[in-house]
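Single-letter residue listing:
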Amino acid sequence: MTPTRPARPARPVRIGPRAAVALLLVTLIGIAAFGWPLLADRQSGLAHSQDAPWLFAGLLPLLVAVVVATIADQGMDAKAVAMLGVLAAVGAALRPLGAGTAGLEPMFFLMVLSGRVLGPGFGFVLGSVTMFASALLTGGVGPWMPFQMLAMGWFSLGAGLLPGAMGVPPARAKPRAWEKLRGRAELLMLAAYGFVGSFAYGTIMNLQGWVLLQGMGQGISFHPGDPVPANLARFAAYCVATSLGWDLGRAVLTVVLTLTIGGTLLRALRRAVRKAAFEVPVSFGSRGKWPGTHTISCSEPPHTVTSGAPPGDPPHRTHITYDTD
């Protein structure tokens, strides 16, 4: 009789040391790209869009480096890359459905749920690739595109850093409070993050465009060389005057979609992750102690599987052993 295996938790794609370094490097470059005009003096003439091609040229190799480093750290295999392509295609197809109407962008809720289930590293790459694909799909290629890729990558990465993403470790009998976040409580947390993150995305994208706009009212224009607090005060007024309604529409739609269909999509994503078993390395070793058997090593709890033999062959048994480290 074959023992029943315990349900395998849906583990996100882990971030290895090399992938973490690549992500940190991308983040530091992104912060510098968004914020350096605030530190430029009046005579520098740097507060223009000339940096966008350079940022894009540096961003793409770094994104590839994140993927390659994750693969090298054994956090992302062919199955994870295939899932990345599918989710990026779905997100790119969702974006044009409402991008021209009051900021309604249904792709944001997909990024929240995907980052939650698949982890921060996968989420960052997914957000950036999705924004790149949607720009090609809609003809939205411009100096803003690399900044959108960074902002969406951070948005999805943040969802993967929320508490309780890993679930309850099997070695711990009593779960901590944040490890039990499932069901309605988890959806409420994701909806709250989507609401705040939608405003954060709009705000950081405003910073990219605001420094390029000159000649507006004195209370909302960017003044190169002015003290940073004074420019930030004008920037806050600019956000309220120009994009508050747009960001609110995006945030409300993200909350509504997360609370209505988020549970179904979370279960589907976790089921796909369990079936894909990204972090279950399987290797065939020496012959087992029964005729016609081999030892297979992977990282699952131990169990024995008895399989039927083809017609005409004697019955045989496959013994599976597992590494616990």
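Note that the coordinates shown come from a computational prediction; the quantities given were computed from them, not determined experimentally. (Residues numbered from 1 in each chain as written. Predicted model: local features only at pLDDT ≥ 70, side-chain atom pairs only at ≥ 80, totals over all residues. Heavy atoms only, no water.)

**Notes on the overall build of the protein chain**
Here's step 1: Helices and strands together make up the secondary structure of the protein chain, namely nine helices and four strands.
Here's step 2: The secondary structure elements of the protein chain, listed N-terminal to C-terminal, are α-α-α-α-α-α-α-α-α-β-β-β-β.
Here's step 3: Per-residue burial over the protein chain gives 44% buried out of 325 residues.
Here's step 4: Taking all contacts inside the protein chain whose residues are at least 6 apart in sequence as the whole, residues at least 24 apart take part in 73%. (Helix = DSSP H or I, 4+ residues; strand = E, 2+ residues; numbered from the N terminus. Buried < 20%, exposed > 50% of the residue type's maximum accessible area, 1.4 Å probe, protein only. Contact = heavy atoms within 4.5 Å.)

**Observations concerning a nonpolar patch on the surface**
Here's step 1: There is a patch of nonpolar side chains on the surface, built from F195, V196, L248, V252 and V256 and spanning about 400 Å² of accessible area.
Here's step 2: Elements with a minimum of two residues in the nonpolar patch: α7 (184-210) and α9 (244-276).
Here's step 3: When you line up the elements, L248 lands in helix α9.
Here's step 4: Since its relative accessible area comes to 40%, L248 is described here as partly exposed. (Patch = residues over 30% accessible without salt bridge, like charges linked within 9 Å, V, L, I, M, F, W, Y side chains within 5 Å. Areas by Shrake-Rupley, 256 points an atom, 1.4 Å probe, with all protein chains shown as cover. Salt bridge = Lys/Arg side-chain N within 4 Å of Asp/Glu carboxyl O.)

**What to know about the side chain of N231**
Here's step 1: Examined against the element boundaries, N231 turns out to sit in helix α8 (residues 228-242).
Here's step 2: For N231, the side chain forms a polar contact with the side chain of R234, separated by 3.0 Å. (Polar contact = N/O pair within 3.5 Å; in protein donor to acceptor, adjacent residues only side chain to side chain.)

**Remarks on the nonpolar core**
Here's step 1: With 59 residues, the main nonpolar core has L87, F122, F124, M152 and W210 as its most contacted residues.
Here's step 2: Not counting residues up to four positions away in its chain, the partners in contact with L87 are L110, S114, L118, F122, L126, T130 and L269. (Core = buried A, V, L, I, M, F, W, Y, C linked by side-chain atoms within 4.5 Å.)

**Notes on helix α5 (residues 120-138)**
Here's step 1: In this model α5 runs 27 Å from its N-terminal to its C-terminal C-alpha over 19 residues, within 8% of the 27 Å that 1.5 Å per residue would give.
Here's step 2: Just downstream of α5, G139 is the residue with a positive phi angle, here 75 degrees. (Expected span 1.5 Å × (residues − 1).)

**Regarding the pattern of salt bridges**
Here's step 1: Inspection of every chain in the model, using the stated rule, returns six salt bridges.
Here's step 2: Residue E105 is joined to R95 by a salt bridge in which the shortest nitrogen-to-oxygen separation is 3.5 Å. Of this pair, E105 sits in the loop between α3 (78-94) and α4 (107-118) while R95 sits in the loop between α3 and α4; the two residues are 10 residues apart in sequence, bridging distant segments of the chain. Neither E105 nor R95 differs from the other in exposure class; each is buried.
Here's step 3: In this structure, E186 engages R116 in a salt bridge whose closest nitrogen and oxygen atoms are separated by 2.7 Å. Taken together, the positions of E186 in helix α7 and R116 in helix α4 put the pair 70 residues apart, joining distant regions of the chain.

**Side note on a positive patch on the surface**
Here's step 1: There is a patch of like positive charges on the surface, built from R267, R271, R274 and K275.
Here's step 2: Topologically, K275 is positioned in helix α9.
Here's step 3: By relative accessible area, which is 68% here, K275 ends up exposed. (Lys, Arg positive; Asp, Glu negative; His and termini not counted. Charge placed at Lys NZ, Arg CZ, Asp CG, Glu CD.)

**Considering the environment of P96**
Here's step 1: Relative to the helices and strands, P96 is located in the loop between α3 and α4.
Here's step 2: For the pair P96 and T138, spaced 42 residues apart in sequence, the C-alpha separation works out to 7.0 Å.

**Things to note about the side chain of R95**
Here's step 1: A residue is classified by how much of its surface remains accessible, and R95, at 13% relative accessible area, is buried.
Here's step 2: A distance of 3.5 Å separates the side chain of R95 from the side chain of E105, its partner in a polar contact.
Here's step 3: Looking at R95, its side chain comes within polar contact range of the side chain of S134, at 3.1 Å.
Here's step 4: Setting aside its immediate chain neighbours within four residues, R95 contacts E105, M107, M131, S134, A135 and Q148.

**Overview of the confidence of the model for the protein chain**
Here's step 1: Across the protein chain, the average pLDDT comes to 74, with 65% of residues at 70 or higher.
Here's step 2: In the model of the protein chain, strand β3 (residues 303-307) stands out as the element of lowest mean pLDDT, 41, in contrast to α4, which has the highest, 92.
Here's step 3: Note on residues 1-6: pLDDT is under 50 here. Beyond four places in sequence and across chains, it has seven contacts.
Here's step 4: Predicted confidence for residues 313-325 stays below pLDDT 50, and this span has 39 contacts to residues more than four positions away or in other chains. (pLDDT = per-residue confidence, 0-100.)

**Let's talk about the packing of α5 against helix α6 (residues 145-160)**
Here's step 1: Running from N to C, α5 and α6 point in directions that differ by 145 degrees, and their axes come no closer than 7 Å. The handedness of the crossing between α5 and α6 is right-handed. Contact with α5, carried on its side by P120, G123, F124, G127, S128, M131, F132 and A135, involves M145, Q148, M149, L150, M152, G153, W154, S156, L157 and G160 of α6 and no other residues of that element.
Here's step 2: Residue composition of the contact of α5 with α6, grouped by class: 11 nonpolar, seven polar and no charged. (Axes fitted to C-alpha atoms, helices over the stretch in contact; angles between N-to-C directions. Left-handed = near helix turned anticlockwise from the far one by under 90°. Nonpolar A, V, L, I, M, F, W, Y, C, P; charged D, E, K, R; others polar.)

**Considerations on the packing of aromatic side chains**
Here's step 1: Under the definition given, this model contains nine aromatic pairs.
Here's step 2: Centre to centre, the rings of F34 and W154 are 5.8 Å apart; their planes meet at 45 degrees, and the pair counts as tilted. One end of the pair, F34, is in helix α1 (residues 17-35); the other, W154, is in helix α6, and 120 residues separate them in sequence.
Here's step 3: For the pair F108 and F155, a centre-to-centre distance of 5.1 Å together with 70 degrees between the ring planes defines the contact as edge-to-face. Note that F108 is positioned in helix α4 and F155 in helix α6, a separation of 47 residues in sequence.
Here's step 4: According to the relative accessible area criterion, F108 is buried, its value standing at 0%.
Here's step 5: Taking the relative accessible area as the measure of exposure, F155 reaches 4% and is therefore buried. (Phe/Tyr/Trp six-rings, centres within 6.5 Å; stacked < 30°, edge-to-face > 60°.)

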